[in-house]
Amino acid sequence: MRHGQQHPEGGQHPRHPQPGPYGSPGGPQQPWDMPTQPAGPAASVRERRGPAAVVAVVAAAVVVVAAAVTGYLALGGDGDDRAHPPVPASSAPAADDARTDAGEQPTVPGWRTVTNPRTGIVFDVPPEWSLKPTSWASYVADEGDPEEIPLVGFSAPAMLKEKWCVFDADLDGSSDETWLAAAGSRGERGARTPQEAARDNASLWVYGGYTQPDKAKVTRGAAQPYTTASGITGSVATASSTGVEPDGKCDTDGKATAFAFKNPKGDIVSWTFVGAKGVGDEVPDGVVRKVLSTVRLAGG
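What you see is a predicted model, and the numbers here were worked out from it, not measured in a lab. (Residues numbered from 1 in each chain as written. Predicted model: local features only at pLDDT ≥ 70, side-chain atom pairs only at ≥ 80, totals over all residues. Heavy atoms only, no water.)

The next thing to look at is the sheet that holds strand β17 (residues 296–297). Taken in spatial order, the 3 strands make up an open sheet running β4-β5-β17, and their pairing is antiparallel. The open sheet has two free edges, formed respectively by β4 (112–116) and β17, since each of these has just one partner strand. (Pairing = 2+ DSSP bridges. Helix = DSSP H or I, 4+ residues; strand = E, 2+ residues; numbered from the N terminus.)

A word on the state of the cysteines. Scanning the entire structure with this criterion turns up 1 disulfide. Here Cys165 pairs with Cys250 through a disulfide, and the sulfurs are 1.9 Å apart. Here the disulfide of Cys165 and Cys250 is left-handed, its torsion about the S-S bond being about -85 degrees. Of this pair, Cys165 sits in strand β9 (residues 165–167) while Cys250 is found in the loop between β14 (233–241) and β15 (253–262), placing the two residues 85 residues apart along the sequence. Summarising the burial analysis for this pair, Cys165 and Cys250 share the class buried. (Disulfide = S-S within 2.5 Å. Buried < 20%, exposed > 50% of the residue type's maximum accessible area, 1.4 Å probe, protein only.)

Given a rise of 1.5 Å per residue, 18 residues ought to cover 26 Å, and the 25 Å separating the end C-alpha atoms of helix α2 (residues 194–211) matches this to within 8%. Of all 18 residues in α2, 16 are buried, a share of seventy percent or more. (Expected span 1.5 Å × (residues − 1).)

Where charged atoms from two side chains of opposite charge approach closely, those side chains can pair. Under the definition given, this model contains 9 salt bridges. Here Glu188 makes a salt bridge to Arg186, at a shortest N to O gap of 3.1 Å. The residues Glu188 and Arg186 share a single accessibility class, namely buried. Within this structure, Lys255, Glu282 and Asp285 form a network of salt bridges that share partners. (Salt bridge = Lys/Arg side-chain N within 4 Å of Asp/Glu carboxyl O.)

Looking now at the confidence of the model for the protein chain. For residues with low pLDDT, the predicted coordinates do not support detailed interpretation. For the protein chain, mean pLDDT is 73; residues scoring 70 or higher make up 64% of the total. Across residues 7–94, confidence stays below pLDDT 50; counting only partners more than four residues off in sequence or on other chains, it has 352 contacts. (pLDDT = per-residue confidence, 0-100. Contact = heavy atoms within 4.5 Å.)

Attention now moves to the packing of aromatic side chains. The full count for this structure, using the stated rule, is 5 aromatic pairs. Measuring from ring centre to ring centre gives 5.6 Å for Tyr226 and Phe259, while their planes differ by 75 degrees; the resulting arrangement is edge-to-face. Taken together, the positions of Tyr226 in strand β13 (residues 224–227) and Phe259 in strand β15 put the pair 33 residues apart, joining distant regions of the chain. By the ring-pair criterion, three or more aromatic residues cluster together here, those being Tyr226, Phe259 and Phe261. If you follow Lys132 out to its NZ or CZ, it ends over the ring of Trp136, 4.2 Å from the centre. (Phe/Tyr/Trp six-rings, centres within 6.5 Å; stacked < 30°, edge-to-face > 60°. Lys NZ or Arg CZ within 6 Å of the ring centre and 35° of its normal.)

On a regular strand, each side chain points to the face opposite its neighbour's, so the side chains alternate between the two faces of the sheet. Relative to β14, β13 runs antiparallel, the two being bridged by 4 bridges. Paired with Pro225 across the strands is Ser235, a residue of β14. Here β13 folds back onto β14, and the loop between the two strands holds 5 residues, one of which, Gly231, carries a positive phi near 100 degrees.

So, about helix α3 (residues 285–293). Taken residue by residue, α3 has Val288, Val291 and Leu292 as its buried positions. End-on view of α3: buried residues confined to an arc of 100 degrees, all on one side of the axis. Buried residues in α3 make contact with β5 (121–125), β13, β14, β15 and β16 (268–277). (Arc of directions from axis to C-beta.)

Take a look at the structure:
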């Protein structure tokens, strides 16, 4: 899985989460500022062989590389966020400790509220999920891209079982941690319609995190109309993989559900769930749909 986690504005692979800074002011675009890349045949996917490729493919989840960033997170948001220099990793807040969630209360009793201050999206997750700092971003990138320019990503996520699988993929003596599932939101800069954003988000997370370089193992569902419990109307799409061959201890099939809609400003924004499929502790589709139903905008 090729996941990238950036903390506070970095990334990880669902296959192998690895902490570390990503990018710099004036450097390549950051994951929170990247349009979703095309998921169809026109998408350019380069293959890279060798040790670097092994790290990306050996564990099955989406790599999320933790990187330091400012609290002003924007996955696909407005403005040029590269103008904000990243803060040192040592000053990055720990998970949960930095989450105030803007005073939002869960709509499901006993669940936890997740708020993304940049997108304005709020949703609830079961109590066993952990909340990453609002300055945290997760993304997936092509294994053959030395700059790890994100294919797709989201920020201010909630994660389930962050150390679900631990494996030293590149045999460098340092174990890589893979999470079981994650959910977050982003702005859809460059998306033409909510339907397009939902389809591309779901399929790119599965491809980037579980099947690459094989697109044929990704099954894309059609975008369907969907209305959340709060009355937000948009489009939902799913994607999943079948037949991923376990090259390493943590490799599995994956699945994703993405919901995209227009906010009151007319901008397209989205929420996405991504996680391992076909494993004993897979997140049931019913739970994913229940989480999706709670998607709402901050302040009602």
